[in-house]
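The chain contents come next:
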Protein chains: 4
Amino acid sequence: MVRKLQVAVSGLGRMGARHARHFLERTPRAELVAAFDPSPEAQAWGKQHLEPYGTKLYTDYDEMLKHPGLEAVVVAGITTEHAAQTVQAIEADKHVLCEKPLSTKVEICEDVLGAAQRKPHLKVLCGFSRRFDASYRDAFAKMTNGEIGRPTIMRSQTCDKFRNDDYFVKYAKFSGGIFVDANVHDIDLALWFFGQDSIVKSVTAVGVTARYPDLKQYGDVDNGVAIVEFWGGRVAYFFSSRMMMAGQQDTTEVIGTHGKITINANPAFNLVEMHELGGVRREVDQTYYDRFEQAFVTESNEFTECILDDKELPFKLSGAIQAVKIGCAMVESLQTGKKLDFDETGAQILEKARL
Amino acid sequence: MVRKLQVAVSGLGRMGARHARHFLERTPRAELVAAFDPSPEAQAWGKQHLEPYGTKLYTDYDEMLKHPGLEAVVVAGITTEHAAQTVQAIEADKHVLCEKPLSTKVEICEDVLGAAQRKPHLKVLCGFSRRFDASYRDAFAKMTNGEIGRPTIMRSQTCDKFRNDDYFVKYAKFSGGIFVDANVHDIDLALWFFGQDSIVKSVTAVGVTARYPDLKQYGDVDNGVAIVEFWGGRVAYFFSSRMMMAGQQDTTEVIGTHGKITINANPAFNLVEMHELGGVRREVDQTYYDRFEQAFVTESNEFTECILDDKELPFKLSGAIQAVKIGCAMVESLQTGKKLDFDETGAQILEKARL
Amino acid sequence: MVRKLQVAVSGLGRMGARHARHFLERTPRAELVAAFDPSPEAQAWGKQHLEPYGTKLYTDYDEMLKHPGLEAVVVAGITTEHAAQTVQAIEADKHVLCEKPLSTKVEICEDVLGAAQRKPHLKVLCGFSRRFDASYRDAFAKMTNGEIGRPTIMRSQTCDKFRNDDYFVKYAKFSGGIFVDANVHDIDLALWFFGQDSIVKSVTAVGVTARYPDLKQYGDVDNGVAIVEFWGGRVAYFFSSRMMMAGQQDTTEVIGTHGKITINANPAFNLVEMHELGGVRREVDQTYYDRFEQAFVTESNEFTECILDDKELPFKLSGAIQAVKIGCAMVESLQTGKKLDFDETGAQILEKARL
Amino acid sequence: MVRKLQVAVSGLGRMGARHARHFLERTPRAELVAAFDPSPEAQAWGKQHLEPYGTKLYTDYDEMLKHPGLEAVVVAGITTEHAAQTVQAIEADKHVLCEKPLSTKVEICEDVLGAAQRKPHLKVLCGFSRRFDASYRDAFAKMTNGEIGRPTIMRSQTCDKFRNDDYFVKYAKFSGGIFVDANVHDIDLALWFFGQDSIVKSVTAVGVTARYPDLKQYGDVDNGVAIVEFWGGRVAYFFSSRMMMAGQQDTTEVIGTHGKITINANPAFNLVEMHELGGVRREVDQTYYDRFEQAFVTESNEFTECILDDKELPFKLSGAIQAVKIGCAMVESLQTGKKLDFDETGAQILEKARL
């Protein structure tokens, strides 16, 4: 029989439960041997959906890390625990797939990076799902193939469907704000398509609260617009929103000197169109998971494959940290009302320095 | 000053009034000098919209034909008068643009053709508006340019928006039925794209009455499907309907050995899209005129130009008659429940001949 | 540990290998315990891709049926073996998922049906993949929900990408011809959407050979058009082609009295669009499997679930046979040049009966 | 006979010649009585295309203003003459339709406004063609009708097709730069959709030269991105480019609290789609005029109607000046690298004031 990767999932909330099922049911080369979540609901869910298939449930993270033969951990619990659990798993010599963000704070991200760098034989991946999406990959391949010339401008947006409850407000307390929580994906795309070593030249962000005025207490907004200039003649501009009515709308345009690629410019839930009074209508994805389910599954499989076959991960942990850094600069720009400038080494040029 | 074509319009009903305005306002090289319609409503409309701009109104068609300097007549009144008025105008030595159909009866069409052939210096045009539509022309040019190889299969449909009244039923009395009234445009397209001298091999038509059961009294249907085989390895198949909910949907596909062209596969009223609860929606054209307004204007201008500059008309009158012939065969197939076969000269093979 | 369905696959050719992997990797409640294919290539492939995961390989079908604990067989080898293998499996008391078609001959299909009916406790499914496709299911649900009124007209097509080799010609020898091989899916959709007990009123089919003249030796065509009338005021019309240049294009329209649903009217391979010299371009699926991969996986899972939980299959075996019957009538119409008529019991009205 | 507006056109270059023909051929209630352009080519063109239809040609602007009975002037010559000619025409008591921009300098715009305000009985219109476009108007009507709630975010772009010559570089000398030349249309849309009295809160603009490095000598760029915040919780963000490969792509999104409207998110030249090797492709408009031809014709007709029937113009001259002001602020932001802030009265907050 072939060797299968021995994986555990930490956190069986919405995203954690999905990761668990992806590893259990849709990652042929992995075996979900353990899962950790102290909450009674999660334990109950795990007893029904995981235990019968051979997954051992834990209520203690340390204990789970000691599960015999465990090789890798998926960190998918509450955001504020991401960094600590990741570091702990690294120190226990486990490979880690950590849900984004590692942290909403740059210094903490850097601590994780440091821990990972001390164990270079381990695979530590931060889950930027779009990197595993077939359409983004096709676009990247076409760009690399020269089909649009030199990529110059990127427009990218992460827009959630409006929710008629206080979810987004409650969530804002921990999320780091719309730029760090939502646009961080778009920033990561810019770093991917423009090159991981792109150096930021300036960051400007503005925003409004149109549907959730209570976001103001957290310095957050429900619609944000930002421009990030990079040294070398490139510009990315971003939009994020929490008030789409039709559904989730994550769209990216990469404008090159000789052509343009769009990804999901025309969102569609499936292949059905209705011709009815009022015109022609199609439904669109309602959630992030509707849009990226297959990307998450690809992520599980590639993470597994990289470990089993000792391949390089598709992108570096340091890139994830660079994306958080830029997201945090966007938050600073929003909150101070200032454009932030950076020199050609990427160091921020402070206001007084300019006088 | 330049010479302008002296034109008259016969009939100021819905389509006639539009023709009048097209010649008055949107055909720079023509002058609408006269208009005929005996109905009081039409006279009143003409007094307001035509007379102030120099158009003389008539209540007698013969009188109008004697209007000093008159060169051309647009026959756009009731269908049952089309043929007689066209012949009369030809005999009075006028060029004629006759709204389709010349007649719903093949023999009468042939009488008109005979009259026209006796006056070869006159331009006699039957108004198949799609022949003047920019998208159909672009498709034809691309096909002629070899972009899809040899055209082999055509799918074409003429589908009206559902009307919550008895218009379609009343109209069926004179229209010749859905195949002659609506699909005649699609048949004409087949003759255009496959070649005007294409010879029919077989005709099969079926249909149902789904929304207007009263159509049955006229042997008509509100949804029709037909196949027309042509000798030489070509097939056209057609759909027509009177019950579209979103709007008018006239779509054509030309499938060649090396590619496919679609025309209006994705109908849209304008460039607006709504993102709203339920998805993404666009409106579509509501009527035939919404879709083909500009084609009608092009028709007026080209008819004018062909006369003034003595150019050849873009297609022959005989083609219009061939389209009616095929439409009538479809009606016969529908009503008899039989597939009609034709030999390589286009002559019908009768049932007994086959025994 | 939970019970998993013990499944074997017969045939490891293109489609069989896919079924094997679907059961092995993407059907959590099933275990692929055995596979049969006598060809050395298939054995080699199985040794590499199946054996390491615990699947036992067989070169003898009878032996495989005796695999200890085997519960279900997927029949996916050469078409001409489908029926015999299915019957044999049924007689060995196994559940069967048989790739379409059971047979291209109606009588043989009926033999299989008979065998299945003698073992009513077994689940015997014929793989009409579109029945498992999420978009078709959504369309069916919307229709059932009354969103388009009474379904009246169906247009459906199965169009393959052109292949620059003799595959389609070789394949025609066994496939039953384009109507039985390709349009059988569309016929099945008509039976699904119009109701499984719809009774055929007439069948007319025509076709041409535009790219593969050698198809004529098998009485087959590379482009086919057909109309199927049903008693009760419904019409389905079909197109099939082997010469699409852009890719696979399987499109369906269901036109109801109060609206229209389209499925895959705008095919797209993924979410990428290229803006380049010449315009805006998107790629489309290249093969049937590109389009329906997920439907095949759903099929595996639901077949498994129906057996394990003793649920009813989503559709009956007799329906699959009805589809083949209509497909064969289309072939007869094509080859005789005649429209075939049927009375209200579905019995064919013969020519002489009409005299 | 009805009264027709007596109109003259100044300038018979590309846009001027189009205006001349629109008034001559497609504005039924106007008569093109005079045209001015001193260049020999323009005179030659006018002799062929205008004189035969009764238009008198002038080589002296002052002389033309004295043309007997002249009521209105279309100023469509070189940009640097727009303001002077407009003022002169106003002083000669003529109504004026001036091509955009009045001037690329705010003070000069204000001089024109002053001249117009001294003659309140005259209609003075600055030609923002999108205001006359049917799709934009439909979007505005739907928004006004409450279909998207409160408009909050606008994304709008004006993107030209790449030209393989030095046109854009030469043009930059006079155009005021990409923000004033191209995005001024988008700014005007923001003022239209957000309300003409919206007050700017901040302006940030960045840009690059990717295809036309020679633009740098004029402080211009070939790709620009900008954010304009308005007081009251609204944000507009803009993109402009001179290097589209597929064609002209002017797209606008209006994101409201309860829905989103897009205008031209899916540009198309006509209704043709090609299915070919490589996928499905449609062409897009190549030029601004391809996209907005009908809007220009509507402009001519409405300008005429407003004068003849003494109706209010669809928007005020002062709005055009506000758009230029914002465009100039974008240029300043681009060139200084600074975000410009404005107080609630719209007055700029200077750097030192912030210290």
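Residues numbered from 1 in each chain as written. Chains lettered and ligands numbered in written order. Predicted model: local features only at pLDDT ≥ 70, side-chain atom pairs only at ≥ 80, totals over all residues. Heavy atoms only, no water.

Counting across every chain of the model gives 58 aromatic pairs over all chains. Ring centres of Tyr167 of chain C and Tyr171 of chain C lie 5.3 Å apart, and the angle between their planes is 15°; this geometry places the pair in the stacked category. Placement of the pair is Tyr167 of chain C and Tyr171 of chain C together in helix α7 (residues 167-175), with a separation of four residues, close to one helical turn. With relative accessibility at 28%, the residue Tyr171 of chain C sits in the partly exposed group. A connected cluster of aromatic rings, assembled from ring pairs, spans Phe162, Tyr167, Phe168, Tyr171 and Tyr212 of chain A. It is Lys201 of chain C that lies over the ring of Trp231 of chain C; its NZ or CZ is 4.9 Å from the centre. The ring of Phe162 of chain C has Arg211 of chain C lying over it, and the distance from NZ or CZ to the ring centre is 3.8 Å. (Phe/Tyr/Trp six-rings, centres within 6.5 Å; stacked < 30°, edge-to-face > 60°. Helix = DSSP H or I, 4+ residues; strand = E, 2+ residues; numbered from the N terminus. Buried < 20%, exposed > 50% of the residue type's maximum accessible area, 1.4 Å probe, protein only. Lys NZ or Arg CZ within 6 Å of the ring centre and 35° of its normal.)

Under the UniProt annotation, "domain: GFO/IDH/MocA-like oxidoreductase" (unreviewed entry) lies at residues 140-261 of chain A. Measuring from the first to the last C-alpha atom of residues 140-261 of chain A gives 9 Å, for a span that is 25% helix and 39% strand. (UniProt positions renumbered as here; feature names shortened; annotations may be inferred.)

Quick look at the relation of the copies chain C and chain B now. Turning chain C through 180° and shifting it by 0.0 Å along the axis lays it on chain B, with an RMSD of 0.0 Å. Accordingly, the operation relating the two chain copies is best matched by a two-fold axis. Residues of chain C ranked by C-alpha distance from the rotation axis are headed by Lys339 of chain C, positioned 3.1 Å from it. Comparing interface residues between copies, 100% of those in chain C also sit at the interface in chain B, which points to an isologous, same-surface contact. (Least-squares fit on C-alpha atoms with pLDDT ≥ 70 in both. Contact = heavy atoms within 4.5 Å.)

Residue and element names in this part refer to chain A. According to the domain assignment, chain A consists of domain 1 (5-127) and domain 2 (134-291 + 322-349). Using C-alpha coordinates to define each centre, domain 1 is positioned 27 Å away from domain 2. Domain 1 puts 12 residues into the contact, and the matching count from domain 2 is 12 residues. Across the domain 1 to domain 2 interface the summed buried area is about 960 Å²; carbon plus sulfur atoms make up 62%. Remark: the boundary between domain 1 and domain 2 carries two salt bridges. For Lys100, the salt bridge goes to Asp181, with nearest N and O atoms at 3.6 Å. (Domains from an automatic or database assignment. Buried area = accessible area lost by both parts, 1.4 Å probe. Salt bridge = Lys/Arg side-chain N within 4 Å of Asp/Glu carboxyl O.)

In this structure, two copies of a chain are linked by a rotation about an axis accompanied by a shift along it. Overlaying chain D with chain C gives an RMSD of 0.0 Å, the required rotation being 180° about an axis along which the chain moves by 0.0 Å. Of the interface residues in chain D, 100% have counterparts in chain C that sit at the interface too, so the contact is made through matching surfaces.

This part takes up the sheet that holds strand β2 (residues 30-36) of chain A. Residues and elements named next belong to chain A. Ordered by their spatial adjacency, six strands build an open sheet running β3-β2-β1-β4-β5-β6, and the pairing between neighbours is parallel. Two strands bound the open sheet, and with one partner strand each, they are β3 (56-58) and β6 (124-127). Neighbour-to-neighbour, the strand axes of the sheet open up by a mean angle of 20°, direction not taken into account. Bridging between β2 and β3 involves three bridges; their strand directions are parallel. Within β3, the position partnered with Ala34 by the bridge is Lys56. (Pairing = 2+ DSSP bridges. Axes fitted to C-alpha atoms, helices over the stretch in contact; angles between N-to-C directions.)

This part is about the interface of chain D and chain C. Listed as interface residues are 14 residues of chain D and, on the opposing side, 14 residues of chain C. Summed over both partners, the interface of chain D with chain C buries about 1,300 Å², with 54% contributed by carbon and sulfur atoms. For the interface between chain D and chain C, the tally reads zero salt bridges. Linking chain D with chain C are six residue pairs in polar contact (both at pLDDT 80 or more). Those elements that provide at least two residues to the side of chain D that touches chain C are β13 (272-276) and β14 (279-282) of chain D. No other element matches the four residues that β14 of chain D contributes to the side of chain D that touches chain C. Considered class by class, the residues forming the side of chain D that touches chain C number five nonpolar, four polar and five charged. Sheet topology note: the strand β14 (residues 279-282) of chain C/β14 of chain D ladder contains three bridges and is antiparallel. By the bridge assignment for β14 of chain D, Arg282 of chain C is matched with Val280 of chain D. (Polar contact = N/O pair within 3.5 Å; in protein donor to acceptor, adjacent residues only side chain to side chain. Nonpolar A, V, L, I, M, F, W, Y, C, P; charged D, E, K, R; others polar.)

To continue, consider the pairing of strand β10 (residues 234-244) of chain D. All names here are of chain D. Across the 11 residues of β10, 11 count as buried, placing the element largely inside the fold. Sheet topology note: the strand β9 (residues 223-230)/β10 ladder contains eight bridges and is antiparallel. Counted as the bridge partner of Glu229 is Val235 from β10. Connecting the antiparallel pair β9 and β10 is a turn made up of three residues, with Gly232 showing a positive phi of about 100°.

Residue and element names in this part refer to chain C. Running from N to C, helix α9 (residues 183-194) and helix α11 (residues 317-336) point in directions that differ by 125°, and their axes come no closer than 9 Å. Here α9 lies oblique to α11, going by the angle between them. Here α9 and α11 pass one another in a crossing that is right-handed. In this structure, α9 contributes Asn183, Val184, Ile187, Asp188 and Leu191 to the contact, and α11 contributes Gly319, Gln322, Ala323, Val324, Ile326, Gly327 and Met330. By residue class, the composition of the contact of α9 with α11 is seven nonpolar, four polar and one charged. (Parallel < 35°, antiparallel > 145°, perpendicular 65-115°, else oblique. Left-handed = near helix turned anticlockwise from the far one by under 90°.)

Residues and elements named next belong to chain D. The interhelical angle for the contact between helix α6 (residues 134-144) and helix α10 (residues 288-308), taken along N-to-C directions, is 75°, at an axis separation of 9 Å. When the interaxial angle is binned, α6 and α10 end up roughly perpendicular. Seen from α6, the contacting residues are Ser135, Tyr136 and Arg137; seen from α10, they are Arg291, Phe292, Thr298 and Glu302. Partitioned by chemical class, the residues of the contact of α6 with α10 number two nonpolar, two polar and three charged.

For helix α1 (residues 14-25) of chain C, spanning 12 residues, the distance from its first C-alpha to its last is 17 Å, which sits close to the expected 16 Å at 1.5 Å a residue. For α1 of chain C, the complete set of buried residues consists of Met15, Gly16, Ala17, His19, Ala20, His22, Phe23 and Glu25 of chain C. (Expected span 1.5 Å × (residues − 1).)

So, on to the sheet that holds strand β2 (residues 30-36) of chain B. All names here are of chain B. An order of β3-β2-β1-β4-β5-β6 is seen for the six strands of this open sheet, with the pairing classed as parallel. The sheet is open, and its two borders are formed by β3 (56-58) and β6 (124-127), each paired with just one other strand. Pairs of neighbouring strands in the sheet enclose a mean axial angle of 20°, with direction left out of account. The pairing of strand β4 (residues 72-75) with strand β5 (residues 95-99) spans four bridges and is classified as parallel. What sits directly across from Ala72, in β5, is His95. Relative to β5, helix α4 (residues 79-91) is tilted by about 170°, and along the sheet it contacts β1 (5-10), β2, β4, β5 and β6. Packing against the sheet, helix α10 (residues 288-308) makes contact with β1, β2, β4, β5 and β6, and its axis sits at approximately 160° to β5.

Quick look at the pairing of strand β10 (residues 234-244) of chain B now. In terms of strand pairing, strand β7 (residues 151-161) of chain B meets β10 of chain B through eight bridges, oriented parallel. From the neighbouring strand, Thr158 of chain B faces β10 of chain B, where its bridge partner is Ser240 of chain B.

The next point concerns the interface of chain C and chain B. Across the boundary between the two partners, chain C contributes 38 residues, which contact 38 residues of chain B. Counting each side, the surface lost to burial between chain C and chain B is near 3,200 Å², with a carbon and sulfur contribution of 67%. Broken down residue by residue, the surface that chain C buries against chain B is led by Val206, Tyr237 and Lys339 of chain C, which jointly contribute 16%. On the surface where chain C and chain B come into contact, there are zero salt bridges. On the surface where chain C and chain B come into contact, there are nine residue pairs in polar contact (both at pLDDT 80 or more). Within the residue set of the side of chain C that touches chain B, elements represented by two or more residues are β7 (151-161), β8 (200-208), β9 (223-230), β10 (234-244), β11 (251-256), β12 (259-263) and α12 (351-354) of chain C. Looking at which element gives the most residues to the side of chain C that touches chain B, the answer is β10 of chain C, with six residues.

Below, the discussion takes up helix α5 (residues 106-117) of chain B. Each α-helix turn comprises 3.6 residues. Residues three or four places apart therefore point the same way. Residues and elements named next belong to chain B. Between its first and last C-alpha atoms α5 spans 16 Å; for 12 residues at 1.5 Å apiece the expected length is 16 Å, and the two agree. Of the residues making up α5, those classed as buried are Val106, Cys109, Val112, Leu113, Gly114, Ala115 and Ala116. For α5, the elements touching its buried residues are α4, β6 and α11 (317-336).

Taking the numbering used here, the UniProt-annotated feature "domain: Gfo/Idh/MocA-like oxidoreductase N-terminal" (unreviewed entry) corresponds to residues 6-120 of chain A. For residues 6-120 of chain A, the helix share is 45%, the strand share is 21%, and the end-to-end C-alpha distance is 20 Å.

Turning our attention to the pattern of salt bridges. Residue and element names in this part refer to chain A. Taken as a whole and judged by the stated rule, the model has 111 salt bridges over all chains. A salt bridge links Arg21 to Glu25, with the shortest nitrogen-to-oxygen separation between them at 3.3 Å. Pair noted here: Arg21 and Glu25 are both in helix α1 (residues 14-25), with a separation of four residues, about one helical turn. Relative accessible area serves as the criterion here: at 33%, Arg21 is assigned to the partly exposed category. For Asp310, the salt bridge is made with Lys123, and the minimal N-O distance between the two is 3.0 Å. Taken together, the residues span a long stretch of sequence, with Asp310 in the loop between α10 (288-308) and α11 (317-336) and Lys123 in the loop between α5 (106-117) and β6 at a distance of 187 residues.

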